[in-house]
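A structural walkthrough
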Amino acid sequence: MIFWAIPKSAAAMMRGEIDASGQERSERQYYHQYAGQDAGRRYDPGMTPEDYGDAADFFSDLFGRRNHSGGGGARQEFHARGHDLRYHLDVDFMDAVRGAKRSVTMPDSKDIAISIPPCVSDGQTLRLRGKGAPGFGKGPPGDALVTIGIRPHPIFTRDEDDIEMELPITLDEAVLGSKVDVPTISGAVSMSIPKGASSGRRLRLKGKGVARTTGKAGDQYVRLKIVLPDKIDSTLEDLAKRWRDHSDFDPREDLRRKT
Amino acid sequence: MRMDEDRVVAQVHRLSLRELRLWVREGWVQPAQGTDGPVFDELDVARIRLLCDLKKDMDLPSKALPVVLSLIDRLHETRRNLRCLVDAIDMQPEEVRRTVVASFRSRRGVEPTPEDER
């Protein structure tokens with residue numbers, strides 16, 4: 001095949017590894033590296049059996065996306081599937097969790113309705129059969145491929161089916177333990193903060209993550225963060241002083257041993 | 001990674017917004033359609049860099065570009081198809097594989113190795 005006869009330097013140039021004057025270039029991701037992967041299929045011209053010469057019948061059976069009908073005739077009718085059209089749709093965090101209906105406007109200003117299934121993940125592609133470009137001849141239309149982007153939520157972050165959030169708590173709640181209301185994606189729930197909880201401690205609300213129709217729901221993880229008031233009043237100050245004077249607790253003991 | 005036009009232009013120094021729009025209009029680059037305009041991914045950006053190489057570094061005239069692009073696309077399609085075919089052959093029983101390899105070699109005029117003879 002002809003492309004293996006290309007001189008080495010020209011081949012390297014085509015791949016973009018050297019420039020026209022033969023200078024080697026710095027490291028970067030080249031087109032051929034992407035085009036070699038499955039995603040590269042998007043730019044395939046869709047070769048016709050003629051491209052394969054004598055092996056046309058074999059290859060059209062094998063790869064044939066384009067059907068040439070009436071094999072016997074001198075002139076063949078041309079039928080081909082239409083192109084896939086690609087869309088990108090950004091949705092709100094909650095819409096991605098609960099599912100939603102949206103529409104995207106095509107270049108020809110027609111709208112297509114998209115129903116976003118619940119639990120869709122960031123970067124997931126939905127395929128809408130037959131919503132792409134019309135086919136050639138008797139060929140079927142292509143598909144619309146809609147990639148979903150999820151806008152970040154001010155409170156929640158998501159790791160697959162688990163939800164994570166940071167919960168500010170007061171000093172007394174941390175020391176004494178308490179029951180507080182915690183927002184979840186399905187509304188507020190009451191959660192117990194254990195006595196003596198430190199900042200950074202992660203508590204799990206089982207089953208309060210993203211719930212799939214099939215299989216079990218994820219969990220919500222609540223990271224505690226002890227927050228002191230902007231102005232420290234005298235009561236708190238006295239309390240802290242009294243505690244300091246009789247406590248030998250050293251949270252940095254471990255730190256010192258390890259360094 | 002998803003980028004809008006501005007980010008692509010910021011990232012690919014050799015590219016102007018006008019050129020980018022022209023290339024999309026010509027169909028040389030085919031970004032996804034977003035609600036606020038085109039959205040480019042890594043593959044698109046790598047292709048834009050390739051176009052910059054061809055047009056700017058190698059001074060390829062615009063007239064010749066579609067021909068070159070289509071050859072490059074065909075090459076990649078063929079390579080990917082070839083790889084699929086090789087994978088399919090790989091999954092065959094040893095005997096079938098040998099027969100295919102021997103037949104392929106003889107067609108290309110490559111002498112069979114002692115291993116093929118066995």
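Placed above this text is the structure.
Calculation criteria
Residues numbered from 1 in each chain as written. Chains lettered and ligands numbered in written order. Predicted model: local features only at pLDDT ≥ 70, side-chain atom pairs only at ≥ 80, totals over all residues. Helix = DSSP H or I, 4+ residues; strand = E, 2+ residues; numbered from the N terminus. Buried ≥ 20, exposed ≤ 12 C-beta atoms within 10 Å, placed from the backbone. Contact = placed C-beta atoms within 7 Å. Core = buried A, V, L, I, M, F, W, Y, C linked by C-beta atoms within 7 Å. Expected span 1.5 Å × (residues − 1). Pairing = 2+ DSSP bridges.

1. Overview of the overall build of chain B
- Of the regular secondary structure elements, chain B holds six helices and two strands.
- In sequence order, chain B lays out its α and β elements as α-α-β-β-α-α-α-α.
- Counting over 118 residues, chain B shows a buried share of 20%.
- Counted over contacts in chain B with a minimum sequence separation of 6, partners at least 24 positions apart contribute 44%.

2. A closer look at the overall build of chain A
- When you go through chain A residue by residue, the secondary structure sums to seven helices and 13 strands.
- Within chain A, buried positions represent 15% of all 259 residues.
- For chain A, restricting intrachain contacts to residue pairs at least 6 apart in sequence, the fraction spanning at least 24 positions comes to 45%.

3. Some points on the nonpolar core
- By size, the foremost hydrophobic cluster in this structure holds 32 residues, and its most contacted members are Y87 of chain A together with A46 and I48 of chain B.
- Looking at this core, the elements that each hand over two or more residues are α2 (31-35), β3 (85-91), α4 (93-98) and β7 (144-150) of chain A together with α2 (17-26) and α3 (42-57) of chain B.

4. Quick look at helix α4 (residues 65-90) of chain B
- An ideal rise of 1.5 Å per residue puts 38 Å on 26 residues; α4 of chain B measures up with 37 Å between its terminal C-alpha atoms.
- Turning to α4 of chain B, its buried residues are L69, I72, H76 and E77 of chain B.

5. Regarding the pairing of strand β10 (residues 178-184) of chain A
Residues and elements named next belong to chain A.
- Two elements, β10 and strand β11 (residues 187-193), share seven bridges in a ladder whose sense is antiparallel. The residue bridging P183 from the neighbouring strand is A188, located in β11.
- Between β10 and β11, which pair antiparallel and follow one another directly, the connecting turn spans two residues.

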